[in-house]
Each structure stands twice: as structure tokens, then as C-alpha cells.
Amino acid sequence: MENSSSPNQFLINEAFTFDDVLLVPSYSEVLPREVDISTQLTRNIRINVPIVSAAMDTVTESKLAIAIAREGGIGIIHKNMSIAAQAAQVRMVKRSESGMIQDPITLPSTALVADALSIMRQHKIGGIPIILDNGKLEGILTNRDLRFEKDGQRPISEIMTINNLITAPMGTTLDEGREILQKHKIEKLPVIDKDNMLVGLITYKDILKLESYPNSSKDEHGRLVVGAAVGVTHDMMERVEALVNVSVDVICLDTAHGHSKGVLDAVKLVKSKYPDLDVIGGNVATGAGAKALVDAGV
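By convention here, each chain's residues receive numbers from 1 onward along its written sequence. Owing to the predicted nature of the model, reporting of local features is limited to residues with pLDDT of at least 70; listing and counting of side-chain atom pairs is limited to 80 or more, with chain, interface and lining totals taken over all residues. With hydrogens and water excluded, all non-hydrogen atoms of the structure serve as input to the side-chain values.

Participant: What's the story with the environment of alanine 292 in this structure? I'm lost.
Facilitator: Only DSSP runs of H or I reaching four residues or more are called helices, and only runs of E reaching two or more are called strands; each is numbered from the N terminus. For alanine 292, the location among the structural elements is in helix H9 (residues 287–296). The exposure class of alanine 292 is buried, given its relative accessible area of 17%. Along the sequence, alanine 292 and leucine 264 sit 28 residues apart, while their C-alpha atoms lie 7.4 Å from each other. Contacts were defined at the residue level, with two residues in contact if any of their heavy atoms lie within 4.5 Å. If sequence neighbours within four positions are ignored, alanine 292 has contacts with His259 and Leu264. Only protein chains enter the accessibility calculation, which uses a 1.4 Å probe; a residue whose area is less than 20% of its type maximum is buried, one above 50% is exposed, and one in between is partly exposed.

Structure follows, in C-alpha cells:
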């Protein structure tokens, strides 16, 4: 059968590129530095740039979430993975940089060099505080200690820094931490309480990131903000609990049709157990749908 369409109907006679058009400017007395594009994402979260990356498995995991938050927005980690994997993704974002790392990765002195190298590669870190079983600081292991070590089965207790260990007391500010780091020419500063319990870690790398990304979206502890999606499933609350345990900033109840009884009940359930947790719900396309979600607790 002959194609009745004319070849000419598929020809484009005229096209434009961005350089061909101009948004006509008008008179202004506003300077760029005076412009504030920050926006209230939720009741408790304000982001500096109104950009949220989608909770899609081809879009947002930890790498993008870190990049988006550094520039002032927020990423929502997708849910198409196991609960443990999603929690690990959120934890990577929260650990990526901080004013002071609240829960630094640690090792016991009985660990081996191979254990330390594996953890450092996995989490992309250059130092690990070494603690006793009771949580007290015993020493610190850094890349400098491991640089020329070839025996993976050697206990880290034989090479970690114990003597002349530089620490800071709880309550040390970032400016004070910077001075200590610079004075002693070190990159990791364990923070301890009066009983020598490890309570945090200040790193020179994190201080430099604060300067490099001044508009980054941070939580109250100086960590990058990140969200995570959950679905209305039988293990929804188990997933939410795992995400809360790694300090997720916001949960996104991500469904195709948010204006439905199942989604509204799920929002109410999450908010009943975690009243202080920020929750986003959707998708909705009507004012009635948005109001129903707000009434449910988003």
C-alpha cells in the first residue's frame, strides 16, 4: 500500500535555538546579590535553591543527592532497592560532609589493616577513630599510618596513633577546630567529652567544603540534607524506621495517585509514630488532593 503522506509535510521550514531569541529585559533596581531564591520545602526544611531531584532509579542516589545539596537544593533517594541499601545511600549523604561528624565510623583496635583499608575505600574517608568497647577513644588511624603498610593481617593497634593524640573537648567550634588542625598539621580531630568518650570528629576536608559550597543545604548539625522515597507497602514502616535511624531529613510517600485512602492512611500512620518527621506526599493534580494530604499530615 502506497504511503499517501507527502514528503514535504515532514520538512521543517524554520527553527530556533536559544541564541536566536531574547527575553526582553525591563528596568530594575535589584542587584543579583540582593536576590533570595531560598524556599520552604517543608515545615522545617528550607533549601537555598528551589531544586529537588526526582526519586527515580535513573536519577537520584547518593552521588547526585550530595551534588544537589551542595548547590543548595535537595535530592530524594529512590526506593527501588532494599531497605538496607536505601538507608546506606542516605547515610552516605549525611556522612559526606559535616560541621562535625556526629557518628563517625570507628573501629576497635583488634581490627586488621585489611579491615581499615576496606572501610576507608567504601566510605571514601581518610581516617578512623579507634575506640574501646565502652566507647572511649583509644587512638586514630589515618592514611598516613597506612601509606606504606603492606601486611593486611597486621592488627591496627600496632600502627595507629596513640601517643600525643590530639583531641578537642565537646563544644569546640569549627573555627577553634580549624586552629587546632592547622597548629598541629593534622586533618582529623576527634572530639571527646570529659570521660574521654568519642562524641564526634572534625575534619579539615569538611571545613574546606564549607568554604567551597557556601550555599549548600544543611541540617542543624551541618550535614547535607537528603530525602528518601517510600511506597505504600507491607514493609513501609520498617523502611521508614531504617531511614529515620540514619537521620533522613524528609520522607516522600511516592505513589502514582496520592489522593487515595491507602496513601492518606499511610501518611497518618507515619506521622502518628514520627510526629516530628517531615513528610511529603503525592502525586496529586488537584487542590482537593493537596488539601487531603495536608489534612493527613504532610
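Participant: Honestly, the nonpolar core in this entry has me stumped. Any pointers?
Facilitator: A general feature of soluble globular proteins is that nonpolar side chains tend to end up buried together. Val90, Met236 and Leu277 are the most contacted members of the largest nonpolar core, which totals 32 residues. Contributing elements (two or more residues each) for this core: helix H1 (62–70), helix H2 (83–96), strand E10 (227–230), helix H7 (236–245), strand E11 (250–254), helix H8 (261–273) and H9. If you tally residues by element for this core, the top one is H8, at 5 residues. In this text, buried Ala, Val, Leu, Ile, Met, Phe, Trp, Tyr and Cys residues form a nonpolar core when linked through side-chain atoms within 4.5 Å. Residues Leu107, Val113, Leu146 and Met160 belong to the second largest nonpolar core, which totals 14 residues.

Participant: Before we go on, may I ask you to explain H9 in this structure?
Facilitator: For an α-helix, 3.6 residues make a turn, and residues three or four places apart therefore share a direction. Turning to H9, its buried residues number three or more, namely Gly289, Ala292, Leu293 and Ala296. Each buried residue of H9 sits inside an arc of 95 degrees when the element is viewed along its axis, so together they form one side. Residues Gly287, Lys291 and Asp295 are exposed on H9 and point more than 90 degrees away from its buried face. On its buried face, H9 sits against H8 and strand E12 (278–282). What the arc covers is the set of directions going from the helix axis to the C-beta atoms.

Participant: Whenever I open this one, the side chain of lysine 209 confuses me. Can you help?
Facilitator: With respect to the helices and strands, lysine 209 occurs in helix H6 (residues 204–212). Buried within the structure, lysine 209 lacks any salt-bridge partner; its nearest side chain of opposite charge belongs to aspartate 206, at an N-O separation of 4.3 Å. Lysine 209 has contacts with Arg70, Ser96 and Glu97, leaving out every residue within four places of it along the chain. When charges are tallied, Lys and Arg are placed among the positive residues and Asp and Glu among the negative ones, while His and the ends of the chain are skipped. One speaks of a salt bridge when a side-chain nitrogen belonging to Lys or Arg is within 4 Å of a carboxyl oxygen belonging to Asp or Glu.

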